[in-house]
Each structure stands twice: as structure tokens, then as C-alpha cells.
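Next come the chains, spelled out residue by residue.
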Amino acid sequence: MAGSGIILVSACLVGRPARYDGRFLDTTDFLAFLEGKRWIAVCPEMLGGLGWPRPPADLEGGDGYDVLAGRARVINAEGVDQTREFIRGAQAVLDMALSLDVQAVYLKDRSPSCGVHPMVDERGRRRGRGVLAALLAENGLPIIEVVGKKRSEPK
Ligand code: SF4
């Protein structure tokens, strides 16, 4: 495959403190998959300046493509508009991916940043592709969704 051989992965998939709710995922299977590969963990929301843990946020008015085009926003559970932070973090990951000529980006499912495929949340609301996944796809980068399994209680 073309590229530097380096892959980027969502930070929460490899056990980094990144998820909004302070939980950690079961990383066993994914770390086994990564064995022998050259990889770098990234969290677009933290790169965008958001803390850990943090209130959940969701896309309003469209999917990640709409956010990038200015037709939708990212609003957190406290009503704060975090569109700028989400886009800034996604851009930082894109810059890294392009400068390293990465082979692929493995992204956690069901996230307003990283989610690749549309999903339906616990309240029955449909959410489309996340902001980071949309930006990477727009720039021709291969993106692969990974299902994250929770393993710990919230802090
Ligand atoms: S899904 Fe993406 S944005 Fe959310 S914690 Fe994991 S790496 Fe960060």
C-alpha cells in the first residue's frame, strides 16, 4: 500500500484518556491488531482544545460535512457551541495525516468527531458521519471505522 506505512488511530481505541465521559474502552483486540504496525494515537476533540472528561456534544442541523460547510453546528450538553473546537481539532489531525503521508486512519464508531457510518443513538436520533471523518474523507484519506467496546465505569 502507498504511504509512509504509518497509521493514525483514535486515541480512545488504544486506552488513552480521551473520551468525554471519562470511560476507557476494552483495547485488547485493537492493540493486538496494531502489533508490529507503526501507529500514532490522536483525539481530535482534545487537539481542538476540549478537556477530559467533558460534557457530551452532538451535531445539530446536519452531519460532519454540513458542519465543515457552515450549515450545521456542534453543541454540547450545556448548550455551548463547540463547532470551532471540533473543526480545529479535525484540521490538526488532517495536517498530521498529510504531513506523515499516512496509510489509513482507524476511527472509533458512534462519535460526532470520529464516527464514519451513520448511527442511531439511545434516544432514537440519527447522526451522520462525524466532523473528523468527513474532513479526512473530503481529502481522500482512507478511513476505517472500529467498534469501541466499553469496559470501565465513568469517573
Ligand atoms: S472517539 Fe475520537 S474524539 Fe472521541 S474520544 Fe475517541 S478519539 Fe477522541
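To keep things clear, this report deals only with the structure shown in the data block.

Calculation notes
Residues numbered from 1 in each chain as written. Predicted model: local features only at pLDDT ≥ 70, side-chain atom pairs only at ≥ 80, totals over all residues. Heavy atoms only, no water. Near = heavy atom within 4 Å. Nonpolar A, V, L, I, M, F, W, Y, C, P; charged D, E, K, R; others polar. Axes fitted to C-alpha atoms, helices over the stretch in contact; angles between N-to-C directions. Helix = DSSP H or I, 4+ residues; strand = E, 2+ residues; numbered from the N terminus. Parallel < 35°, antiparallel > 145°, perpendicular 65-115°, else oblique. Left-handed = near helix turned anticlockwise from the far one by under 90°. Contact = heavy atoms within 4.5 Å. Expected span 1.5 Å × (residues − 1). Buried < 20%, exposed > 50% of the residue type's maximum accessible area, 1.4 Å probe, protein only. Arc of directions from axis to C-beta. Salt bridge = Lys/Arg side-chain N within 4 Å of Asp/Glu carboxyl O.

Attention now moves to the site of the ligand. Near the ligand, the surroundings consist of 14 residues, among which Cys12, Ala18, Cys43, Glu45 and Cys114 are the closest. Counted by class, the shell around the ligand contains seven nonpolar, three polar and four charged residues.

Here the focus is the packing of helix 4 (residues 83–100) against helix 5 (residues 131–138). Running from N to C, helix 4 and helix 5 point in directions that differ by 45°, and their axes come no closer than 9 Å. Between helix 4 and helix 5, the angle falls in the class oblique. Every pair of crossing elements has a handedness; the one defined by helix 4 and helix 5 is right-handed. Residue-level inspection shows Phe86, Ile87, Ala90, Gln91, Val93 and Leu94 of helix 4 in contact with helix 5, the latter providing Val131, Leu132, Leu135 and Leu136. Looking at side-chain class alone, the contact of helix 4 with helix 5 contains nine nonpolar, one polar and no charged residues.

The subject of this paragraph is helix 4. Its 18 residues place the ends of helix 4 26 Å apart at the C-alpha level, agreeing with the 26 Å of an ideal helix rising 1.5 Å per residue. Of the positions making up helix 4, those classed as buried are Thr83, Phe86, Gly89, Ala90, Val93, Leu94 and Ala97. Each buried residue of helix 4 lies within a common arc of 145° when the element is viewed along its axis, so the set occupies one face. The exposed residues of helix 4 that point more than 90 degrees off its buried face are Arg84 and Ser99. In the segment just after helix 4, Asp101 is the residue with positive phi, at about 50°.

A full pass over the atoms with the stated rule returns 11 salt bridges. Its salt-bridge partner being Arg127, residue Asp58 comes within 2.8 Å of it at the nearest N-O pair. Placement of the pair is Asp58 in strand 3 (residues 57–60) and Arg127 in strand 7 (residues 126–127), with a sequence separation of 69 residues. In terms of burial, Asp58 and Arg127 fall into one category: buried. Measuring nitrogen to oxygen at the nearest pair gives 3.2 Å for the salt bridge that ties Asp109 to Lys108.

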